Structure formats: C-alpha cells, structure tokens
Amino acid sequence: LMQISIPLNFIGFLYREVRQGLADIESMFDLLGVPAEIQDKPDAKPLKAVDGNIRFENVKFHYDPERPILKGVDFEVPAGKSVAIVGPSGAGKSTISRLLFRFYDVTGGAVRIDGQDVRDVTQDSVRHAIGMVPQDTVLFNDTIEYNIRYGRPDASAEEVREAAQMAQIHDFIERLPQGYKTEVGERGLKLSGGEKQRVAIARTILKAPPILILDEATSALDTHTEQEIQAALDQVSKNRTTLVIAHRLSTVVNANQIIVLEAGEIAERGTHSELLEADGLYASMWARQREADEAEERLRAAVEHD
Ligand code: ATP
C-alpha cells in the first residue's frame with residue numbers, strides 16, 4: 001500500500017503545481033492585456049469620449065456550447081454609478097466582468113460602452129478605459145514602487161506615493177526597511193492577499209480609468225483589513241462607473257443597484273433595502289451570511305479567550 005500511495009501523492013503534487021503554473025500564466029496574460037483569440041475588426045476605431053455608461057443587452061454566453069452560462073442578461077450601469085453583481089458560486093458573475101473587458105465575445109446580444117458595441121472598437125481602447133482590481137493580483141519581481149507605477153508608467157514618485165496613500169498601503173510600505181525600493185513578488189517579499197489587493201488599488205488609482213471592475217477576493221480577510229480595503233475602494237470608485245463582482249455581501253450594501261444572478265439569469269434587482277423587503281434569494285443569502293459572520297465572531301472570541 002505504501003509503495004503505491006507515495007507515487008500517487010507525488011503525481012497529485014506535480015499535477016497541482018503544473019495547474020497552478022498555468023493559472024499564473026493566464027493571469028499574467030490578463031494583466032498584460034494579451035488578447036487570447038479575440039481580434040480587432042479591420043476597421044475598428046478607438047472608443048469615443050468615454051463617460052462610462054455600461055449596457056448589457058440581452059447577453060448570452062457560453063464557454064462550451066453544451067453549457068450556457070449567461071442566458072439573456074440585461075442591465076445598465078449609468079455613468080458614475082455603481083452596480084454590484086451577487087449570486088451563488090458559479091452563477092456567472094466573473095464571466096460578466098470578462099465580457100465587459102472583452103476577454104471573450106458574447107454569443108448573443110451585445111455589450112456596449114457609451115452606446116458603442118465593444119466588438120466594433122479596438123480592444124486597446126476598451127482596456128484603456130477600464131481599471132480592473134482582480135481577486136488575486138499578479139506582482140512583478142521588481143520593487144513595490146515599480147509594481148504600483150505599472151498603472152501609469154510616466155507617473156512621478158510623488159504621484160506613486162499619493163496613490164499608495166489613497167489605497168491605504170503607504171504606511172505599510174514606509175515601515176519596510178527599504179521602503180518603496182523593497183523587492184516583491186516570487187523572489188522578493190511575499191505580500192498577503194490584502195496587501196496585494198491594495199497594490200492593485202493603488203495601480204488603478206494611478207491609471208484613473210472612467211470604468212472600474214472590482215472582483216472581490218473570495219478568501220476571507222480579517223475585519224480590520226477588510227475595512228481598510230473598503231475605504232480604499234470607496235476612494236477609487238468615487239465618481240467612476242463601478243461594477244463590483246461580489247463574492248461576499250458585506251461590501252455591496254451601498255451600491256446604487258444590486259443584481260442577483262442565479263444560474264446565468266437575473267433573479268432579482270434593487271437596492272439593499274428593497275431586496276431585503278422582497279424577501280427572496282438576496283434576503284436569504286444575507287441571512288445566511290449574517291449567521292456565518294456571527295459564528296466566526298464567536299469562534300474568534302473563544303480562541304482569544306483561551
Ligand atoms: P464564484 O463566485 O465561485 O467565483 P462566479 O459566479 O463568478 O462564481 P464564473 O466564474 O462566472 O462564476 O463561472 C460561471 C461558470 O462558468 C462556472 O460554472 C465555471 O465553471 C464556468 N467557467 C468559468 N470559466 C470558464 C472557462 N474558462 N472555461 C469553461 N468554463 C468556465
């Protein structure tokens with residue numbers, strides 16, 4: 001039994017390593033904006049005058065024709081407003097952000113920015129107009145300063161520091177022995193999930209895009225970190241069209257509109273209080289999250305008591 005279980009474990013280990021490696025390469029491409037299979041039309045022009053109005057018109061989408069993911073999704077985010085997408089795992093929330101960024105083309109309907117179908121304009125101009133704070137930020141093996149400046153390569157050292165301040169990461173950086181010159185990434189200082197996310201927020205503040213996609217981290221952050229990140233996000237989303245892909249509900253309470261996605265369809269929409277009033281899927285998700293949060297609090301209190 002021993003003889004066979006060791007190699008199998010080892011194969012499992014290799015498999016996971018390889019998969020992890022592939023996932024990293026994928027997110028690297030995303031970060032660098034390298035197109036997958038999407039091509040510009042020969043006559044594609046850049047997006048014109050971006051106010052930041054987003055419109056999903058009866059959007060249908062599948063990765064695999066056998067399995068529809070979005071089945072006619074229709075919503076609008078007026079320029080400067082925020083919409084949060086919530087719903088069970090696998091409902092298609094992150095897919096919506098990928099379609100807005102045009103990592104894929106819709107299979108029915110249309111995605112428009114200021115009335116312009118994203119398939120008719122250059123991908124470059126679409127990606128220029130959108131800032132993405134992803135779930136898990138890829139850091140370059142370089143200094144933390146370089147990693148923030150990536151949002152706008154011609155930013156001055158002063159502007160990098162201002163962005164870091166707004167993203168609530170400046171004080172942390174200043175406390176590092178080498179400050180902004182600290183090497184980070186695989187070969188340097190490893191940052192926590194929350195720290196990486198704040199680097200991504202600082203990058204986005206520098207980029208100053210009219211449209212923002214926030215794909216929240218799925219992993220639970222401690223309450224203090226979560227509050228800091230929320231404060232940073234509030235800064236960056238002020239007066240910007242913001243699409244929040246929310247995997248937890250605590251951060252969507254103030255969104256102008258919440259869209260509840262269930263199995264690729266919009267099940268409900270409204271403000272937080274309207275949806276609680278409606279007493280449907282959102283209300284039950286909210287109740288469940290409250291219970292989970294309270295259980296976690298009790299557990300934390302018990303651990304601290306020991
Ligand atoms: P979660 O809250 O768990 O992140 P989500 O609502 O964001 O979920 P999506 O990431 O949009 O869900 O995925 C929707 C469905 O599409 C899932 O069932 C997923 O397995 C599938 N899917 C996602 N990406 C791909 C892909 N590249 N190829 C094939 N299927 C995919």
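Everything that follows concerns the structure shown earlier in this document.
Scope of this entry: the structure provided in the associated data block. Since we're looking at a predicted model, the values are computed, not measured.

## Focus on the pairing of strand 10 (residues 265–270)
Right, so step 1: Pairing between strand 9 (residues 257–262) and strand 10: five bridges, direction antiparallel. Counted as the bridge partner of I258 is G270 from strand 10.
Right, so step 2: With antiparallel pairing between neighbouring strands as the criterion, strand 9 and strand 10 make up a hairpin whose turn holds two residues, including A263 at a positive phi of roughly 45°.

## What to know about the site of the ligand
Right, so step 1: In the vicinity of the ligand, the contacting residues are Y63, D64, I69, G87, S89, G90, A91, G92, K93, S94, T95 and H247.
Right, so step 2: Residue assignment for the shell around the ligand shows that the elements contributing at least two residues are strand 1 (54–64) and helix 2 (93–100).
Right, so step 3: In terms of residue count, helix 2 provides more of the shell around the ligand than any other element does, three residues in total.
Right, so step 4: In the shell around the ligand, the residues fall into three nonpolar, seven polar and two charged.

## Side note on the sheet that holds strand 1
Right, so step 1: Taking strand neighbours across the sheet as the criterion, the four strands line up as 2-1-4-5 in an open arrangement whose pairing is antiparallel. The sheet is open, and its two edges are formed by strand 2 (67–77) and strand 5 (116–117), each paired on a single side.
Right, so step 2: Both strand 4 (residues 108–113) and strand 5 contribute to a ladder of two bridges, which runs antiparallel. The residue bridging R112 from the neighbouring strand is D117, located in strand 5.
Right, so step 3: Of the strands in this sheet, strand 1, strand 2 and strand 4 are in contact with helix 2, which crosses strand 1 at around 110°.

## Some words on the sheet that holds strand 10
Right, so step 1: Taken in spatial order, the six strands line up as 6-7-8-3-9-10 in an open sheet, and their pairing is mixed. Both edges of this open sheet fall to strand 6 (130–133) and strand 10, since each of them pairs with a single strand only. Shown here is a sheet whose adjacent strand axes are inclined to one another by a mean of 20°, direction ignored.
Right, so step 2: Direction of pairing for strand 7 (residues 211–215) relative to strand 8 (residues 241–245): parallel, over a ladder of five bridges. Across the sheet, residue L212 finds its bridge partner in strand 8, namely T242.
Right, so step 3: Helix 10 (residues 281–305) rests against strand 3 (82–86), strand 9 and strand 10 of the sheet, and its axis sits at about 95° to strand 9.

## Quick look at helix 5 (residues 157–166)
Right, so step 1: Considered for burial, the residues of helix 5 that qualify are V160, A163, A164 and M166. Buried positions in helix 5, seen along its axis, are confined to an arc of 160° and lie on one side of it. The outward face of helix 5, more than 90 degrees from its buried face, is lined by the exposed residues A157 and E158.
Right, so step 2: For helix 5, the secondary structure elements touched by its buried residues are helix 4 (144–149), helix 6 (170–175), helix 7 (193–207) and helix 8 (223–237).
Right, so step 3: Once helix 5 finishes, Q168 follows within two positions and takes phi at roughly 60°, a positive value.

## Some details on the nonpolar core
Proteins that are soluble and globular tend to have nonpolar side chains buried together.
Right, so step 1: In this structure, A163, A167, I201, A202 and I258 are the most contacted members of the largest nonpolar core, which totals 64 residues.
Right, so step 2: In terms of residue count, helix 7 provides more of this core than any other element does, six residues in total.

## Details of the pairing of strand 8
Right, so step 1: Along strand 8, five of the five residues are buried, which leaves the element largely enclosed by surrounding structure.
Right, so step 2: Side chains of strand 8 alternate between two faces, with T241, L243 and I245 and T242 and V244 buried alike.
Right, so step 3: As paired strands, strand 3 and strand 8 are joined by four bridges and run parallel to one another. Looking at the pairing, I85 lines up with I245 of strand 8.

Definitions and cut-offs
- Residues numbered from 1 in each chain as written.
- Predicted model: local features only at pLDDT ≥ 70, side-chain atom pairs only at ≥ 80, totals over all residues.
- Pairing = 2+ DSSP bridges.
- Helix = DSSP H or I, 4+ residues; strand = E, 2+ residues; numbered from the N terminus.
- Near = placed C-beta within 6 Å.
- Nonpolar A, V, L, I, M, F, W, Y, C, P; charged D, E, K, R; others polar.
- Contact = placed C-beta atoms within 7 Å.
- Axes fitted to C-alpha atoms, helices over the stretch in contact; angles between N-to-C directions.
- Buried ≥ 20, exposed ≤ 12 C-beta atoms within 10 Å, placed from the backbone.
- Arc of directions from axis to C-beta.
- Core = buried A, V, L, I, M, F, W, Y, C linked by C-beta atoms within 7 Å.

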